[in-house]
Amino acid sequence: MPMGPGGPNTPPRGAPMGHGGPNTPPGGAPMPPGQRPPFNGGPGGPGPNGGFGGPPRQQHPSDMPTDMLPPVDDGYPREPELLTHREPLPGDPDYDDTHVVQADELDPEEERKLRKKKIWRRVRRTGYVLAAIGIIAPVLAFVIAYQFVTVKTPEEVFADVKQVVTINYADGSELGKIVPQGGERVQLKFQEIPQVIRDAVLSTEDKNFYENPGFDPIGILRAVFNNLTGGTGGGSGITQQYIKISTGDDERSLTRKFTELVKAAKMNTQYEKDDILTNYLNVIAFGRGADGIEAAAKAYFNKSAKEINRPEEAALLAAVIQRPYEWDPAINREKSVKRWNDVLDKMVENGKIQKAARDQMQFPEDGDKPGQLRDRQDAIRAKGGLQGTKALIQQQVEAELDRNKISAAAIRKNGYTITTTIDKKAQEAAEAAVQKVVFAKGQPENLRSALVATDPKTGGILAYYGSKDGKGFDYAKASQPPGSSFKAFVVAAALEKEIGLGSTFDSSSPRTFSASKGSPGYTVTNASRGGYPCTMCSIREMTQYSVNTAFVDLALKVGTKSVANAAIEAGIPSEINDKPTLGLGSGASPMAGIALGSYEVRTMDMSAAYATFANDGMKIEQHFVAKVTDSAGNVKYQFDKAAKPAFDQSNSQRNTDIARNVTEALKPVAKYSTVPLDNDRPSAAKTGTHQYEKEKGSPHNSRAWMVGYTPSISTAVWVGTDKNEILKGKWNAGKLQSTPKDMYGKDEPGWVWKEFMDAYLNGTKVEPFPAAKPIGQFEAPATTTSAASTSSTPTSSSAPPTSSSSEQPTSSKQTTSNPNPTCGVWPWPSCKPTTTPTRPSRTSGEDPPGGDPGRGRGGGNGGG
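Predicted, not measured: the structure shown is a model, and the values here were computed from it.

A. Main features of the packing of aromatic side chains. Inspection of every chain in the model, using the stated rule, returns 14 aromatic pairs. Ring centres of F486 and F489 lie 4.8 Å apart, and the angle between their planes is 65°; on these two criteria the pair is classed as edge-to-face. For F489, a relative accessible area of 0% corresponds to the buried category. A ring pair is formed by Y610 and F613, whose centres lie 5.9 Å apart and whose planes are at 70°; its orientation type is edge-to-face. Here the residue Y610 and the residue F613 both occupy positions in helix α20 (residues 603–614), the gap between them amounting to three residues, near one helical turn. You can call F613 buried: its relative accessible area is 1%. Clustering of aromatic rings is evident, with ring pairs tying together F486, F489, Y610, F613, F647, Y709 and F769. Taking the ring centre of F190 as reference, the NZ or CZ of R198 above it sits at 4.1 Å. Above the plane of the ring of F209 lies K273, whose end atom (NZ or CZ) is 4.6 Å from the centre.

The structure is reproduced here in structure tokens:
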């Protein structure tokens, strides 16, 4: 490209370029003495005619801009530098020399460190940005949300709770409605609420209420920690609880919690603390359908809240706030008492009552105990809830939803539809069966009964009967010793240790099982008046005849803790009312009486555990609620838990085999107990009784059971009284007799079970049980050697055995195992009993002829 005009001394094209100007020597020529060497860089200077077409001139450092100076001191003068307008130099804190070091000049280790340094620099800067956003964004969101949220007054809250709640059967037909009645709520003023009530509620629910800004930051952090670590407990104070009630929103989301927090803060600035507390106490639910402190005082103590002046009463009202459908003393007395004690302890801790006075306080008896229920208008009836026996279903449904974070307030506010697992045909059959047998005209008036039926395939409760009129106490959830019906779990524990149904054990009676180190022996006696057709009975036989001595022998061989574990695996809870079950607390082992059902369980638990056997060893959580939908049909909750292997999680086939072998052992019992199902429908069952404890060696019972199943339904029936008293009834062989007699499992419980099962299963296909694959010795030997002694495996009621304990027979007499085909049906006319029938002196035995003679005392002194 042609060069532009230059000065007269501009070198020709192609010549070395030198410093522009009129006196510039030719490029490359040596400089005259005393002149500075040229500095290459920059365009050529203008020629005499002002042109820029010549070659770039050589520029001296002193002529260069400051930012183009080399980063070293070469002795040339430099202009002062602006630190904010230059790159960092070596030695500066932020100087990064990575741009001047070539990658190929680094060894691998230096290159790795260099990359790591760059990465962490980026991470650090990103962290700074995110931290800033994390602080600024919530604050900004809080400020914006604060301008738009509103807080409802108690009047508005009550006006919103007006939706009808529908509770349906499993098929969608209506089970009942909860219809708000209105006009029953009384809102008290702050001065009308006794100080003792305020102290109890504040000590329990929000001790820092008067100091916090509407929420408790420490409580919120604690709740977050609990949620992250799998713990329980919320962080909501009184103001937040009021907001939650006013919105009726139970959604588990950060958005809901954030909005709740903003509203609480706004309420804290708009209202006085006394007003907030008053509003809260006027709307909070206390159970029994009572919303507000005035309704609660009437529901629990039949008087106005203004009249509450005792800390004991105030503590009970405060105690039920967190779990009103679980901690009501009429529903769960043990939990209620425990929570009541916690409230009083917190009142002492906060200086509201004196320790000495607290130690003298007794739980307030408001009449809500079995046998002492007052006929007052309770919450459910006042609110148009379900009536009669179905009222207890409503309680269980609401309690289950409350455990799943769907409150009664949200249910009523939103008008939800609750679809239960209750089968209409099953529920009607249950009510009819109990009424026909237990509450027939002429039966003793002190009788009480419970029935729970469970679907083995889903875990859903098909029928639930807790009391005759649905008032107060729920007997289906009451803990009772199950007697011999618990022996199914002894069989399961034996099968887990490869002890098969053909294994034999000594049935002689009485037998004393001694303990080591001089501990007292444990004497067990059978109650059969005619003995048994086997002296060495196989597990099949001793299950059918319910032989106490043989079952204690077996339980000690497998270990009492193994028996307890098998029951828990099947579905018996490991805790009831916050207490360990089956003698397993604090590392202890159950006593030998566990073999005979001496530890308490509930009717609903027995139904669930036997359902696991019916479902081939697959256990699924027992439940009442299938799903909850809102008015638009959107599903707000749905049960979705899957079945899991109960007895062997690692081997599904073995798990199935254990369950089917238990079924095999239980199959003869219903027919033997004279309560077989219609049409020879196969069933697996076990009866049980528990001894009257107020008389040592009493021949009477205080409780009786029947638990059994088909492949499609598992049902448990309990009959007893409110108190520990002799249990008598008039039902015998399917009809009512004129004179009461001692009751056994085959009597009222057995006939309730049969009446219910036949009615529910009528018209359905007869289902056989799948064949059991043998475990261990499946069939009893043709002849056995009975070698039993009154001294057995070292154990006693005071010294629990270990799982390795075993009992070996010591006597030696030859017997034959039931060679006559007519043996096994009472009174075994062709059999000659080998033992002398006796009644127990310390323990109870089993049902009399044709039934399960098993019954026993608690505390390890028998079973059945």
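Still to come is the rest of the account.
B. Fine view of a nonpolar patch on the surface. Nonpolar side chains collect at one region of the surface, where I119, W120 and V123 lie side by side and expose about 310 Å² of accessible area between them. Following the sequence through the fold, I119 ends up in helix α1 (residues 108–148). For I119, a relative accessible area of 47% gives the class partly exposed.

C. Structural context of the pattern of salt bridges. Tallied over the full model, the rule gives 33 salt bridges. The residue E312 makes a salt bridge to R310 at a minimum N-O spacing of 3.5 Å. The partner of R602 in a salt bridge is D605, and the shortest N-O contact between them spans 2.9 Å. Through salt bridges with shared partners, a single ionic network connects K303, R310, E312 and E313.

D. Region of interest: the pairing of strand β22 (residues 735–742). As paired strands, strand β21 (residues 728–732) and β22 are joined by four bridges and run antiparallel to one another. Paired with W731 across the bridge in β22 is L736. Where β21 folds back on β22, the antiparallel hairpin that results is connected by two residues, among which A733 adopts a positive phi of roughly 55°.

Cut-offs used in this document
- Residues numbered from 1 in each chain as written.
- Predicted model: local features only at pLDDT ≥ 70, side-chain atom pairs only at ≥ 80, totals over all residues.
- Heavy atoms only, no water.
- Phe/Tyr/Trp six-rings, centres within 6.5 Å; stacked < 30°, edge-to-face > 60°.
- Buried < 20%, exposed > 50% of the residue type's maximum accessible area, 1.4 Å probe, protein only.
- Helix = DSSP H or I, 4+ residues; strand = E, 2+ residues; numbered from the N terminus.
- Lys NZ or Arg CZ within 6 Å of the ring centre and 35° of its normal.
- Patch = residues over 30% accessible without salt bridge, like charges linked within 9 Å, V, L, I, M, F, W, Y side chains within 5 Å.
- Areas by Shrake-Rupley, 256 points an atom, 1.4 Å probe, with all protein chains shown as cover.
- Salt bridge = Lys/Arg side-chain N within 4 Å of Asp/Glu carboxyl O.
- Pairing = 2+ DSSP bridges.

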